[in-house]
Amino acid sequence: MNFQMINQTRERKGDHIKICLEKDVQAKRITTGFEDIFFVHRALPEIDREKIDLSTKLFDHKFSAPIIVGAMTGGTSEATKINKTIAEAVQELGLGMGVGSQRAAIEDAKLECSFAETRKKAPTAFLIGNIGAPQLVQGWRLDQAQIAVNMIDADALAIHLNPLQEAIQPEGETNYENALEKIKEIATSLSVPVIAKETGAGIAAEEAKKLEEAGVKGIDVSGAGGTSWAAVEYYRAKATLDKKDERLGQTFWDWGIPTAVSVFEVSNSVNVPIIASGGIRTGLDVAKSLALGASLVSVSAPVLRPATQSVGQVKETLELIIEELKNAMFLTGADTVKKLKKVPLVVTGKTAQWLLMRGFHPETLARQGSKDRSKR
Ligand SMILES: Cc1cc2nc3c(=O)[nH]c(=O)nc-3n(C[C@H](O)[C@H](O)[C@H](O)COP(=O)(O)O)c2cc1C
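Computed from a predicted structure; not experimentally measured.

A.B. asks: Can you lay out helix α10 (residues 229-239) for me, pointing to particular residues and giving the numbers?
C.D. replies: Of all 11 residues that make up α10, 9 are buried, and the element is covered over most of its length. The set of residues buried in α10 consists of W229, A230, A231, V232, E233, Y234, Y235, R236 and A237. The N-capping residue of α10, defined by a side-chain oxygen 3.4 Å from the backbone nitrogen of A230, is S228. Downstream of α10 by one or two residues, L241 has phi in the positive range, about 55°.

If you want it as structure tokens, here you go:
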């Protein structure tokens, strides 16, 4: 890897943060589908809101609430500050976080310390490392994955799947041949659990099954309806007068599987834990994700600006989401996360239609009040 390429990786990461902070990169015509999911209101919740227990155990780790901050960045001084701020906040709140792609630091060991700072600020929080599937296709093996884990003493490693973004980037790496086989090599040998993670376009049941068979221990669906990577790349292309990628970014701005659909179909197809992400903006979205079968819920974009400000701002953002989650649990009469996973749901509109077309029967959820969807 030459110096110029390493610099390009870092510059790209810097561009991504700047664009996400300054431009509207949210999905426009596609939504998460959470607006189609309804809880049945309990006029008699028969629980005390103050006694609601949000604690969750997953991957042998106890979370104070089933919420993490999703992978965003690393490798530059600004990125280090962002990660450290998030790390301090999740440590204080008993949550977890993912760091952004560690590619730059694997290519240039001088950058490792920028990621290592994250663990220093979050000595006991659940930390997820991050590498990309395209790098595996290009030859990365277990060694590089283990470097990523060791760099932050990670509790798990996410391998991100981002074909949409790569297909629109001018420097995009669009070779995904045998990516599954490479993921398998790492998932079956790494010292920590491997999580397969999309980046905003969702994961379908078919891929989820293959990933489970390949040995991944968790799936972060990162569906459509939130941050659009086609949109981010659209703005990069526009700035460099790259007409082709500008056009591609616009055309594929709303590409993907809505998050609610992805959570439903993946959680009904595999037995590994599901992380819901992509457009999670409120604690009500968190509650719906958990009720649809997710074990953890991950929020990225809403935390980015607060993370450029202060630990207090990040904590405030997350605490509001936690309060909303508690409210949803109170109003559905669920005083534990386990009970929330069993409450009946009504799936309507576009989301119900989408699931029916995919061979799932969302109407069964309404009658499933007693069925435990917390198989994990
Ligand atoms: C600024 C920024 C940088 C990101 N970088 C990464 C990354 O390096 N690796 C990754 O797996 N996902 C990355 N993501 C994707 C998020 O983890 C998440 O899947 C996606 O943004 C959807 O969630 P959201 O709608 O809450 O933002 C990034 C997101 C943002 C906003």
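So much for the structure itself; the text now carries on.
A.B. asks: Break down the site of the ligand for me, citing the residues and quoting the values.
C.D. replies: The immediate surroundings of the ligand are formed by 20 residues, with A71, S101, S222, T227 and R281 found nearest. Taking K197, its side chain carries an N or O atom lying 2.9 Å from an oxygen atom of the ligand. Taking R281, its side chain carries an N or O atom lying 2.8 Å from an oxygen atom of the ligand. In isolation the ligand offers 610 Å² of accessible surface; the protein chains occlude 98% of this area. Among the detected pockets, the ligand sits in the largest pocket.

A.B. asks: Go over empty space enclosed by the protein, please, and point to the residues and values.
C.D. replies: Scanning the model with the defined rule gives 3 cavities of 30 Å³ or more in all. Of the volumes computed, that of the largest cavity is approximately 70 Å³. Every residue lining the largest cavity is listed: I68, G70, A71, G98, I128, N130, A158, I195, K197, D220, I275 and S298. Elements supplying a minimum of two residues to the lining of the largest cavity: β6 (126-132) and β8 (194-198). Residue composition of the lining of the largest cavity, grouped by class: 6 nonpolar, 4 polar and 2 charged.

A.B. asks: Which residues make up the packing of aromatic side chains, and what values go with them?
C.D. replies: Applying the stated rule across the entire model yields 7 aromatic pairs. Seen from their ring centres, F59 and F126 are 5.8 Å apart, and the 10° between their planes marks the pair as stacked. Of this pair, F59 sits in the loop between β2 (56-58) and β3 (61-63) while F126 sits in strand β6; the two residues are 67 residues apart in sequence, bridging distant segments of the chain. Using a relative accessible area of 1% as the deciding quantity, one classes F126 as buried.

A.B. asks: So what's going on with the sheet that holds strand β4 (residues 67-69)? Which residues, and what values?
C.D. replies: Paired through backbone hydrogen bonds, the strands of a sheet run either parallel or antiparallel to each other. The strand order around the closed barrel built from 8 strands is β4-β5-β6-β7-β8-β9-β10-β11, with neighbouring strands paired in parallel fashion. For this sheet the average axis-to-axis angle between neighbouring strands, irrespective of direction, equals 25°. Of the strand pairs in this sheet, β4 and strand β11 (residues 296-299) are connected by 3 bridges, and their pairing is parallel. Bridge pairing links I68 to S298 in β11. Across the sheet, helix α6 (residues 142-152) lies against β6 and β7 (156-161), angled at about 150° from β6, the strand it touches most.

A.B. asks: Describe in detail the pattern of salt bridges, supporting the description with residues and values.
C.D. replies: Tallying each qualifying case throughout the model produces 22 salt bridges. A salt bridge links K18 to E22; its shortest N-O distance comes to 3.5 Å. Of the two residues, K18 and E22 both sit in helix α1 (residues 3-22), 4 residues apart, roughly one turn of that helix. Among the ionic contacts, a cluster of salt bridges with common partners joins R12, D15, E171, E233 and R236.

A.B. asks: With reference to specific residues and values, describe helix α15 (residues 311-331).
C.D. replies: Across its 21 residues, α15 extends 30 Å between first and last C-alpha, which sits within 8% of the 30 Å expected from 1.5 Å per residue. Those residues of α15 lying buried are V311, V314, T317, L318, I321, I322, L325, A328 and M329. Viewed end-on, α15 has its buried residues packed into an arc of 140°, placing them on one side of the element. Buried residues belonging to α15 abut β4, α2 (77-93), α13 (283-292), β11, α14 (301-309) and α16 (337-340).

A.B. asks: Account for the side chain of H16, with residues named and values stated.
C.D. replies: Note that H16 resides in helix α1. Residue classification places H16 among the buried positions, given a relative accessible area of 5%. In this view, H16 contacts Q165, Q169, W229, V232, E233 and R236; residues no more than four positions away in its chain are not counted.

A.B. asks: An account of the layout of surface pockets is requested, with residue identities and associated values reported.
C.D. replies: Quantified by volume, the largest pocket comes out at close to 770 Å³. Lining the largest pocket are 45 residues, with K13, A71, M72, T199 and W229 positioned closest to its centre. For the lining of the largest pocket, the secondary structure elements donating two or more residues are α1, α7 (163-168), β11 and α14. Here the lining of the largest pocket takes 7 residues from α1, the largest share from any one element. In terms of residue class, the lining of the largest pocket is made up of 11 nonpolar, 24 polar and 10 charged. Each pocket or cavity is described by its volume, and for the second largest pocket that value is around 320 Å³. Taken together, 14 residues form the lining of the second largest pocket, with L161, P163, Y176, E207 and L211 sitting closest to its centre. Contributions of two or more residues to the lining of the second largest pocket are made by α8 (179-187) and α9 (205-213). Residues of the lining of the second largest pocket, tallied by class, amount to 10 nonpolar, 1 polar and 3 charged.

So, how was this worked out
- Residues numbered from 1 in each chain as written.
- Predicted model: local features only at pLDDT ≥ 70, side-chain atom pairs only at ≥ 80, totals over all residues.
- Heavy atoms only, no water.
- Buried < 20%, exposed > 50% of the residue type's maximum accessible area, 1.4 Å probe, protein only.
- Helix = DSSP H or I, 4+ residues; strand = E, 2+ residues; numbered from the N terminus.
- Polar contact = N/O pair within 3.5 Å; in protein donor to acceptor, adjacent residues only side chain to side chain.
- Near = heavy atom within 4 Å.
- Areas by Shrake-Rupley, 256 points an atom, 1.4 Å probe, with all protein chains shown as cover.
- 1 Å grid on protein atoms, 1.4 Å probe; cavity = no way out; pocket = protein on both sides within 12 Å on 5 of 7 lines; lining within 4 Å.
- Sits in = over half its atoms within 2 Å of the grid points.
- Points joined across faces, edges and corners; volume = space filled by probe spheres on them.
- Nonpolar A, V, L, I, M, F, W, Y, C, P; charged D, E, K, R; others polar.
- Phe/Tyr/Trp six-rings, centres within 6.5 Å; stacked < 30°, edge-to-face > 60°.
- Pairing = 2+ DSSP bridges.
- Axes fitted to C-alpha atoms, helices over the stretch in contact; angles between N-to-C directions.
- Contact = heavy atoms within 4.5 Å.
- Salt bridge = Lys/Arg side-chain N within 4 Å of Asp/Glu carboxyl O.
- Expected span 1.5 Å × (residues − 1).
- Arc of directions from axis to C-beta.

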